[in-house]
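# Structure assessment
In case you want the letters, here they are:
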Amino acid sequence: MGIISLPLVGLVSLVCLVIKAIIHFTTKTSAPNPFNENSCKEVKAKITDHKQRDAVLKQGFSPDKVPENLDAIVIGSGIGGLSVAALLAKSGKKVLVLEQHDQAGGCCHTFIEKGYEFDVGIHYIGELTSQTLMKTYIDQITNGQLEWATMSDDYDVVMFAEKGQEPRKYPVVSGDGKWKEYLKKTFPAEAKNIDKFFKLVEDVQPSSSYAVMVKFIPLWAVWLLKVTGFFKYFTNFYEWNGKTCKEVVWGLTDNQELRDIFCYSFGDYGTPPSMSGFPMQTLLFSHFSQGSSYPVGGASEIAFNIIPVIEAAGGKVLVRAEVTQIIIDGKGRACGVEVKKGTEPVNVAAPLIISDAGVYNTFERLLPLDIASSSRLWPLIQTSTHGCGYMSVFVGLNCDAEELDIFHKKNAWVFTGNDIDKLTVDYLNLSREEGLDADIPLLFISFPSTKDPEWKKKYPGKTTMALVTLMPYHWLEEWENERVMKRGDEYDSLKKIFGHKAVEQASNIFPSIKDHIDYINIGTPLSNRYYLGTPRGEIYGLDHTSERFSIWNNAILRPQTDVPGVYLTGQDICSCGFAGALWGGLLCATSILQRNVRSDLERLHHTVHSIAKTKAKTE
């Protein structure tokens, strides 16, 4: 009696050490608070003049445009790069963002061809239909100038379209409990299993917030929590991550169509249900549970409204600025970057280098091999897999959307049959020749022009359609070193076959578009490699497998690398898509500023949200 056993003493000591590490992180306040005050201003009229927009989005790199005495350089202008740059700027830092493409934005940029404007990567975003924490975050890094249009309540429609049969359609409905109730009415015999599924989503999703703490506590603490199994007292994320989405869902019901509906949107992170951990699907459903939104004016409005925030602190966002290497000084610390400019490279100095180019590009291409191979991330990079490549098809239709029998403000997820996991895995394992003869098993179909309330003002009498599907990189790998637009007749022929197959399948779903197809542009994984800088045509970075989100891998995929002065932002340190990369920017700013930026944001959000509620009551 009164004597504590040695294992319990060790356990208590472990808990105390971890809590001490967390408190140490959360109480650091040395740097200025980027959310010190509400920076939202009255929304100005949209600027549609292309010259004015290009002056912001297409500022070409030259040495004389580089600001003096930089605090940081960001490689890549995707939302992960722009968000961390904006947060640092709001803390008084002078930041230079360098983009290898000819315009800023990464997957948030648009392009104009034949009188049509196409959005390359933003199809819909959740958590923006009300004043959420994420919306407050975006408002602050855009001075409140970025507006969002709410999509249809049934923002997604799952469709099973076997040959010779009428497609079976299942809408995904936003709003508290509405989708669950719809599914229970549609599958009455599965009511209990449907309840179990949504209860699991409700129980597992919140755990992801606590799982992020491994990116900030010391790695020795992570190791101790892992080997002792004590992590389960902080979060059940890693326990559930050890179970694949397929394993969990297949264990709930024998109804294959319902299984597929539960897993339908795995294309949003690119990893089939048999390979991804169950928490990924819960995150996705939670993200869209209250509906989805689209940027008013198109995706280019995102970068267009963040760049002025960066420039206000003396920074710049410059394009046509391919970074060829991160420069390391004699003490092993990053001190700048080398930028490709004509025949002579240009060196730009800064004490901090932040990479939004992904871990593969950062460690396999940008850092010197001796430095990269000595990093704790090197084994992970050598054993992990790239996300799957993607094909995108951009279609211009020469009439108003109202003249067509298409989906307005919603997306279609079209599958060629049941067991979508097997269909997808089998397709990805085909040879190129076999793929040429096969139907595309998963086709995402969207009409972006119907989502943007500003579209008709700019492009009357025109409609756009976007088709997206998975495509293995190895099908086209032999042309990876050929120049863009000059890869030869065989490549062009293959690209057209796959692209037109997608258009044909979409036309079978929406026959009214057939007589109005005016323009087709096909982007393959090689297009993604060229325009977005992705090594193997992936748009979601590291493959979102359960192994990628294991405790140790999640911990070492942290913003601060073990190369002094080098930080990571974007999808690879958080999760994929716009929201994942956006929060990756906040995590990176947290690490650099050495303060709990999320808590800063939450305090401001509470004030903003309270004001909004009061205003709503008085109106």
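## Some thoughts on the overall build of the chain
Secondary structure assignment for the chain yields 24 helices and 20 strands. Taken over the C-alpha trace, the chain has a radius of gyration of 24 Å; the compact-globule value for 619 residues is 25 Å, and the two agree within 12%. Residue pairs in contact within the chain that sit at least 24 positions apart in sequence constitute 75% of those at least 6 positions apart. As presented, the chain carries roughly 25900 Å² of accessible surface, and 52% of it is formed by carbon and sulfur atoms. Of the charged side chains in the chain, 64 are positive and 72 negative; the average position of the first set lies 6 Å away from that of the second.

## Overview of the packing of aromatic side chains
Tallied over the entire structure, the rule returns 41 aromatic pairs. Arranged with centres 5.6 Å apart and planes meeting at 90 degrees, the rings of W179 and F198 form a pair that is edge-to-face. With a gap of 19 residues between them, W179 in helix α5 (residues 178-186) and F198 in helix α6 (residues 191-204) connect regions that are remote in the sequence. You'll find W179 and F198 in the same group, each marked buried. In this arrangement the basic side chain of K462 is found over the ring face of Y116, its NZ or CZ atom lying 4.4 Å from the centre. Lying over the aromatic face of Y491, R487 brings its terminal NZ or CZ to 5.3 Å of the ring centre.

## Description of the sheet that holds strand β13 (residues 346-349)
Overall, antiparallel pairing links the three strands, which are arranged β11-β12-β13 in an open sheet. Strand pairing shows two members of the sheet lacking a second neighbour, β11 (323-328) and β13, which therefore form its edges. Within the sheet, the average angular offset between the axes of one strand and its neighbour, ignoring direction, is 25 degrees. Relative to strand β12 (residues 334-339), β11 runs antiparallel, the two being bridged by five bridges. Across the sheet, the residue bridging to I327 is G336, located in β12.

## Side note on the pairing of strand β9 (residues 292-295)
Burial along β9 is two-sided: S292 and Y294 and S293 and P295, pointing in opposite directions, are all buried. Inspection of the sheet shows strand β5 (residues 125-126) paired to β9 by two bridges, in the antiparallel sense. Residue pairing in the sheet places G126 in a bridge with S292 of β9. Relative to β9, strand β6 (residues 148-150) runs antiparallel, the two being bridged by three bridges. Bridging across to β9, A149 finds its partner in Y294.

## With respect to the sheet that holds strand β1 (residues 72-75)
Pairing is parallel across the open sheet formed by five strands, whose spatial order is β10-β2-β1-β14-β20. Single-partner strands in this sheet number two, and they are β10 (316-318) and β20 (566-568). Strand after strand, the sheet turns through a mean of 20 degrees between neighbouring axes, direction not considered. Examined bridge by bridge, β1 and strand β2 (residues 95-98) share four bridges and lie parallel to one another. Paired with A72 across the bridge in β2 is V95.

## Things to note about the packing of helix α3 (residues 79-90) against helix α23 (residues 577-593)
Running from N to C, α3 and α23 point in directions that differ by 35 degrees, and their axes come no closer than 7 Å. The element α3 and its partner α23 pack so that their crossing is right-handed. Facing α3, whose interface residues are I79, G80, S83, V84, L87 and L88, α23 presents F578, A581, L582, G585, L586, C588, A589, I592 and L593. For the contact of α3 with α23, the residue count by class is twelve nonpolar, three polar and no charged.

## Structural notes on the side chain of Q256
You can see Q256 is positioned in helix α11 (residues 256-263). On the basis of relative accessibility, which here comes to 18%, the residue Q256 falls in the buried class. In this structure, Q256 is in contact with W250, N418 and D419, ignoring residues within four places of it in sequence.

## Here we look at the environment of S373
Mapping S373 onto the fold places it in the loop between α15 (369-372) and α16 (378-383). The sequence separation of S373 and N36 amounts to 337 residues, and the corresponding C-alpha distance is 40 Å. Reaching out from S373, the side chain makes a polar contact with the backbone oxygen of L369 at a distance of 2.8 Å.

## Notes on the confidence of the model for the chain
Confidence in the prediction of the chain, expressed as mean pLDDT, is 93, and 95% of residues score 70 or more. When the criterion is pLDDT under 50, residues 1-6 qualifies, and its contacts beyond four places in sequence or with other chains add up to one contact.

## So, a nonpolar patch on the surface
Among the surface-exposed residues, W223, V227 and W552 lie close enough to one another that they form a single nonpolar patch of about 310 Å² accessible area. Structurally, V227 can be placed in helix α8 (residues 219-228).

## Some details on empty space enclosed by the protein
All chains considered together, the criterion is met by one cavity of 30 Å³ or more. Of the voids in this model, the largest cavity is the one considered here, and its volume is about 130 Å³. Along the wall of the largest cavity there are 17 residues; nearest its centre are E117, D119, Y294, P448 and W455. Of all elements in the fold, only β4 (116-119), α19 (455-458) and β18 (463-470) reach the threshold of two or more residues within the lining of the largest cavity. A class-by-class count of the residues in the lining of the largest cavity yields eight nonpolar, five polar and four charged.

Procedures and definitions
- Residues numbered from 1 in each chain as written.
- Predicted model: local features only at pLDDT ≥ 70, side-chain atom pairs only at ≥ 80, totals over all residues.
- Heavy atoms only, no water.
- Helix = DSSP H or I, 4+ residues; strand = E, 2+ residues; numbered from the N terminus.
- Rg over C-alpha atoms; globule rule 2.2 N^0.38 Å.
- Contact = heavy atoms within 4.5 Å.
- Areas by Shrake-Rupley, 256 points an atom, 1.4 Å probe, with all protein chains shown as cover.
- Lys, Arg positive; Asp, Glu negative; His and termini not counted.
- Charge placed at Lys NZ, Arg CZ, Asp CG, Glu CD.
- Phe/Tyr/Trp six-rings, centres within 6.5 Å; stacked < 30°, edge-to-face > 60°.
- Buried < 20%, exposed > 50% of the residue type's maximum accessible area, 1.4 Å probe, protein only.
- Lys NZ or Arg CZ within 6 Å of the ring centre and 35° of its normal.
- Pairing = 2+ DSSP bridges.
- Axes fitted to C-alpha atoms, helices over the stretch in contact; angles between N-to-C directions.
- Left-handed = near helix turned anticlockwise from the far one by under 90°.
- Nonpolar A, V, L, I, M, F, W, Y, C, P; charged D, E, K, R; others polar.
- Polar contact = N/O pair within 3.5 Å; in protein donor to acceptor, adjacent residues only side chain to side chain.
- pLDDT = per-residue confidence, 0-100.
- Patch = residues over 30% accessible without salt bridge, like charges linked within 9 Å, V, L, I, M, F, W, Y side chains within 5 Å.
- Salt bridge = Lys/Arg side-chain N within 4 Å of Asp/Glu carboxyl O.
- 1 Å grid on protein atoms, 1.4 Å probe; cavity = no way out; pocket = protein on both sides within 12 Å on 5 of 7 lines; lining within 4 Å.
- Points joined across faces, edges and corners; volume = space filled by probe spheres on them.

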